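# Descriptive analysis of the structure
Listed below, chain by chain, are the residues.
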Amino acid sequence: MSEISLSKPIVKPARPFFSSGPCAKRPGWSLAALEGALLGRSHRAPEGRARLKAVIERSKAILGLPADWRLGIVPASDTGAVEMSLWALCGERGVDVLSFESFSGEWARDLREVLALPDLRVHEARYGALPDLSAVDWSRDVVLTWNGTTSGVRMPGPEAIPATHEGLVICDATSAAFAMDLPWDRLDVVTWSWQKVLGGEAAHGMLALSPRAAARLAQPSPRPLPKIFRLANRKGLIEGVFAGDTINTPSMLCVEDALDGLNWAASIGGLPALKARSAANLAAVERWAARAGWVDFLANSPEIRSSTSICLRIVAPWFLALSAEGMDKAVKHLTGLVAAEGAGFDLASYRDAPPGLRLWGGATVDTADIEALLPWLDWAHEVTRLEFAA
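Residues numbered from 1 in each chain as written. Predicted model: local features only at pLDDT ≥ 70, side-chain atom pairs only at ≥ 80, totals over all residues. Heavy atoms only, no water.

Ordered by their spatial adjacency, seven strands build an open sheet running β1-β9-β8-β7-β4-β2-β3, and the pairing between neighbours is mixed. At either margin of the open sheet sits one strand with a lone partner, and together these are β1 (70-75) and β3 (120-124). Between one strand axis and the next, the sheet turns through 20° on average, direction left out of account. Here helix α3 (residues 102-114) sits on the sheet and contacts β2 (95-99), β3, β4 (141-145) and β7 (169-172); the angle it forms with β2, its principal contact strand, is near 145°. (Pairing = 2+ DSSP bridges. Helix = DSSP H or I, 4+ residues; strand = E, 2+ residues; numbered from the N terminus. Axes fitted to C-alpha atoms, helices over the stretch in contact; angles between N-to-C directions. Contact = heavy atoms within 4.5 Å.)

Below, the discussion takes up the packing of helix α8 (residues 324-340) against helix α9 (residues 367-388). Packing of α8 against α9 leaves a shortest axis separation of 9 Å and a crossing angle of 135°. When the interaxial angle is binned, α8 and α9 end up oblique. Remark: the crossing between α8 and α9 carries right-handed chirality. Mapping the contact onto sequence places G326, K329, A330, H333, L334, L337 and V338 in α8 and L373, W376, L377, W379, A380, H381, V383, T384, E387 and F388 in α9. (Parallel < 35°, antiparallel > 145°, perpendicular 65-115°, else oblique. Left-handed = near helix turned anticlockwise from the far one by under 90°.)

Turning our attention to the pairing of strand β9 (residues 204-209). Counting buried positions along β9 yields six of six residues, so the element is predominantly enclosed. What you see with β9 is no split at all: H204, M206 and A208 on one side and G205, L207 and L209 on the other are buried throughout. Judged from the six bridges that link them, β1 and β9 form a sheet pairing that is antiparallel. Note on β9: the bridge partner recorded for G72 is L207. Taken together, the five bridges between strand β8 (residues 189-193) and β9 define a ladder with antiparallel strand orientation. The residue of β9 that forms the bridge with V190 is A208. (Buried < 20%, exposed > 50% of the residue type's maximum accessible area, 1.4 Å probe, protein only.)

Taken as a whole and judged by the stated rule, the model has eight aromatic pairs. Between the aromatic rings of W69 and W184, the centroid separation amounts to 5.2 Å while the plane-to-plane angle is 80°, which identifies the pairing as edge-to-face. Taken together, the positions of W69 in the loop between α1 (46-63) and β1 and W184 in the loop between β7 and β8 put the pair 115 residues apart, joining distant regions of the chain. Residue W69 is classed as buried on the basis of its relative accessible area of 5%. Plain terms: the ring middles of W318 and F319 are 5.7 Å apart, the flat faces sit at 85° to each other, and that makes the pair edge-to-face. An identical accessibility class is assigned to W318 and F319; each is buried. If you follow K196 out to its NZ or CZ, it ends over the ring of W360, 6.0 Å from the centre. (Phe/Tyr/Trp six-rings, centres within 6.5 Å; stacked < 30°, edge-to-face > 60°. Lys NZ or Arg CZ within 6 Å of the ring centre and 35° of its normal.)

Here it is in structure tokens:
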């Protein structure tokens, strides 16, 4: 190994934050963005309710939500939004669920083991692939994840879902919303959180409902629901939830931060600009991976490759010769080297995913920072290879 190949790169990312949640803040963000937060005031006060309603309305505008859809702020991040949808909606008819990474696998387990639905079909695929979409029965309710945050695999496009379908399509879109086109005319429930593409703080989720989903929710629930899951009562849908009356107390500091992210998104050109920034990040990694030789994408096809949760597998022969335990240690060593230099944080793959790397490429990440990180990964790979290769 030449001395030059082990030399540390000179340039570091200006913002070395590549976590897949909570994600990097928007460019130029500082605590000053929160100075107008409505602290010490009730979220039920007119001013607090107006702030919450503004998050809803600005989100709808940027995402292009159809006028007849409802959007509400719910507890417990995207997980809470998905779970309350499953508990409240599933069971009226048979359910097909797509399971191809950690979180979609969790939804499948909940439906099978906790809700114990009598008519459930789970379509599974390994990390890096999608289930056979032709096997899905769209006359049933379908639960899917638009973008697998832990696998870097996304749905190929709107044509994957029939334009007309009898059942409801419940879509976890937490790492897709604000970075990818979502086919609202083919979905019925869409969920996401503040902590992903716009870099907001955690703990709050968003739940969007089509008219068909709202109509079903307005009917009596097939099972008892805790208060934190209730979107309807004996009078029907609780419309206040979709106008800023949250189920429980939100953090007004987080609300202010969410508004800041939405205002930034609007200022740079809205959804087209957000998508373009994320696409540029993926393109930078694609160019590097093509010449690096020691990494490849976990997604087995470019058409399902995520531009936000960019997941990579290490394909170098020395790495593939290691035991499973050795692979885990090598990844920790590699990513630890980069972190110790302050060149990139939170770069390891998700704990349930195959050992490798995961880089967040959402819209708040500057492509220049991605490009500055990549030479550090090459350097860390060479140092790790010398440490671990037989």
